[in-house]
Amino acid sequence: ERGRRRPRPPALSRWARPDVWRGKRDKAEAASRDHAKELLTMAAARSRRDRPSLAPLSEADEASLDAGLGFEMTEGQRQCWRDVEEDLCRRRSPMDRLVFGDVGFGKTEMAIRAAALAFRGGRQVAILAPTTVLARQHAAVFRRRLEPLGASVELLVAPRAGDVAAPGELKPRTEAKRVRAAVATGAADVCIGTHALLSPKLPWRRLGLAVVDEEQRFGVKQKERFKAACVDVDLLTLSATPIPRTLGAALAGLRDTSELPEPPPGRGATVSLVRRDQAGSADDDAFLAEAIGRELRRGGQCFYVVPRIADVEDAKTRLAAILRQSDHRPGGGDDDRDDDAISVAHGRVPNAGRVVADFAAGDNATKPILLATTLVENGLDLPKCNTIFIQDAHKFGLASLHQLRGRVGRGDRRAVAIFLHPRFGERTATAAARLAAVADADAST
């Protein structure tokens, strides 16, 4: 319109100019040196701190934890626990240990036992998880394992718009306020939460142990802020896919490491299959129907993971049509119930953690499939789910593909991870290499 100033076009980057590039590079190098100096200073400060050692767990407590585990610990798990126990009970400076091992190899068990040890020593425990879904699962597991010892386990997640309290529960904001008060007074022995635990407004009465689960999902500033607030606190970090910076700190001697080299006994093998797929193709839909039907016929449930929230509705429509044509008809053949049978969880779903919990508590007659984004990537332990489909797998990073593959095979049954990529369209060489890396040698590509 006349008289209205036209918006200025965006300025283009001038990095191609040598002087601009050198300036940017010099600033990045200076920032890296400053950050490395901060890390060394913090590590040195922690090494000079002195905190009382803890007493080992009693035989009764060890027996209670062993009974709750449900299987005999492997030698690798026992050695890892000896390392953690040595740090907590025999050294005076705060622990800073990374426990790494493949998905499902028992990292959470190390955190449970460390939390029990800290609780018996009169200290509070903070468990930091990257997602609400994982935090809720941890809360259920820690309560089952630690409440018999007398520990109070609380869950703290940031309230979100649209979250609704379940029957008998407080409203999300009221519940968060109650948990913060319990942490401040010391009534909460173990507090499990997401980024809400990083808030400076959360005062701890006697924090003694901090556990960071799936540390690769947190940003550098988040982890360092957490560590800075825990200078006098024992720190245990868990990861199946530690980032290079974390491994570099371990190799430089800034933190100790322990490896879990083998899975718990009785775990079924997981077979990976990379396959071309096209929605609407009769052959591809028949393949999905057969794979889903095979899992449901043996009493299991399925994951179906998409890379973007925008992909959820189309995937749900396709899965509902497949269920409608199969002999496994939730709701006795009611077409409307086929849509309801597909549980959906992603970042925009209110109470997504409760959706996953309801799916886990259900059976394959009413809740056969969980359709989700990478919200379910980390830490979920659902032994009944032994088939997972990853749509557009070429869009995921290698660490995400590995973590998603680990969502199945948690029980004693043979599991299948199926990585789907478009039948039409080219994959990049890097994407093809990622898919080849997660595929078994006998899988067809």
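Residues numbered from 1 in each chain as written. Predicted model: local features only at pLDDT ≥ 70, side-chain atom pairs only at ≥ 80, totals over all residues. Heavy atoms only, no water.

Caption draft 1: Fine view of the overall build of the protein. A count of helices and strands for the protein gives 14 helices and 13 strands. Taken over 445 residues, the protein has a buried fraction of 48%. Considering only contacts within the protein whose residues lie at least 6 apart along the sequence, 78% involve residues at least 24 apart. As displayed, the protein offers around 21,900 Å² of accessible surface, 52% of which is attributable to carbon and sulfur atoms. (Helix = DSSP H or I, 4+ residues; strand = E, 2+ residues; numbered from the N terminus. Buried < 20%, exposed > 50% of the residue type's maximum accessible area, 1.4 Å probe, protein only. Contact = heavy atoms within 4.5 Å. Areas by Shrake-Rupley, 256 points an atom, 1.4 Å probe, with all protein chains shown as cover.)

Caption draft 2: Expanded view of the side chain of Arg113. Structurally, the position occupied by Arg113 is in helix α4 (residues 107–120). Only 3.3 Å separates the side chain of Arg113 from the side chain of Glu62, close enough to count as a polar contact. Among the polar contacts made by the side chain of Arg113, one reaches the side chain of Glu109 at a distance of 2.7 Å. Excluding anything up to four places from it in sequence, Arg113 contacts Leu57, Glu62, Leu65, Asp66, Leu69, Met73 and Trp81. (Polar contact = N/O pair within 3.5 Å; in protein donor to acceptor, adjacent residues only side chain to side chain.)

Caption draft 3: View of the sheet that holds strand β7 (residues 256–260). Strand order across the open sheet formed by seven strands is β3-β4-β2-β5-β6-β1-β7, with parallel pairing between neighbours. Bordering the open sheet on either side are β3 (153–156) and β7, each of which pairs with just one other strand. Neighbour-to-neighbour, the strand axes of this sheet turn through a mean angle of 20°, independent of strand direction. Across five bridges, strand β1 (residues 96–101) lies against strand β6 (residues 234–239) in parallel orientation. Within β6, the residue paired with Arg97 across the bridge is Leu236. In the packing of helix α3 (residues 75–90) onto the sheet, the strands contacted are β1, β6 and β7, and the crossing angle to β7 comes to about 160°. (Pairing = 2+ DSSP bridges. Axes fitted to C-alpha atoms, helices over the stretch in contact; angles between N-to-C directions.)

Caption draft 4: Region of the structure containing the nonpolar core. In terms of nonpolar packing, the biggest core is built from 52 residues, with Tyr304, Leu371 and Phe419 touching the most fellow members. Residues contacting Phe419, with those up to four places away along its chain left out, are Ser272, Leu273, Val274, Arg275, Ile390, Ala393, Leu401, Arg405, Leu435 and Val438. Among the nonpolar cores identified, the runner-up in size contains 42 residues, and Ile112, Ala115, Phe119 and Leu260 belong to it. (Core = buried A, V, L, I, M, F, W, Y, C linked by side-chain atoms within 4.5 Å.)

Caption draft 5: Main features of the sheet that holds strand β12 (residues 385–390). Pairing is parallel in the open sheet, where six strands are placed in the order β8-β13-β12-β9-β11-β10. Two strands bound the open sheet, and with one partner strand each, they are β8 (270–277) and β10 (342–345). Between one strand and the next, the sheet's axes are offset by a mean angle of 20°, whatever the strand orientation. Relative to strand β13 (residues 415–422), β12 runs parallel, the two sharing four bridges. Each bridged residue has a counterpart across the sheet, and for Phe389 the counterpart in β13 is Ile418.

Caption draft 6: Quick look at the packing of aromatic side chains. All told, the structure shown has two aromatic pairs when counted by the stated rule. Pairing Phe303 with Phe359 gives two aromatic rings, centres 6.4 Å apart and planes at 40°, and the pair type is tilted. Of this pair, Phe303 sits in strand β9 (residues 301–305) while Phe359 sits in helix α12 (residues 352–361), placing them 56 residues apart in sequence. In terms of burial, Phe303 and Phe359 fall into one category: buried. The ring of Phe287 has Arg275 sitting right over it, with the charged end atom 4.0 Å from the ring centre. (Phe/Tyr/Trp six-rings, centres within 6.5 Å; stacked < 30°, edge-to-face > 60°. Lys NZ or Arg CZ within 6 Å of the ring centre and 35° of its normal.)

None of this, on its own, says anything about what the molecule does.
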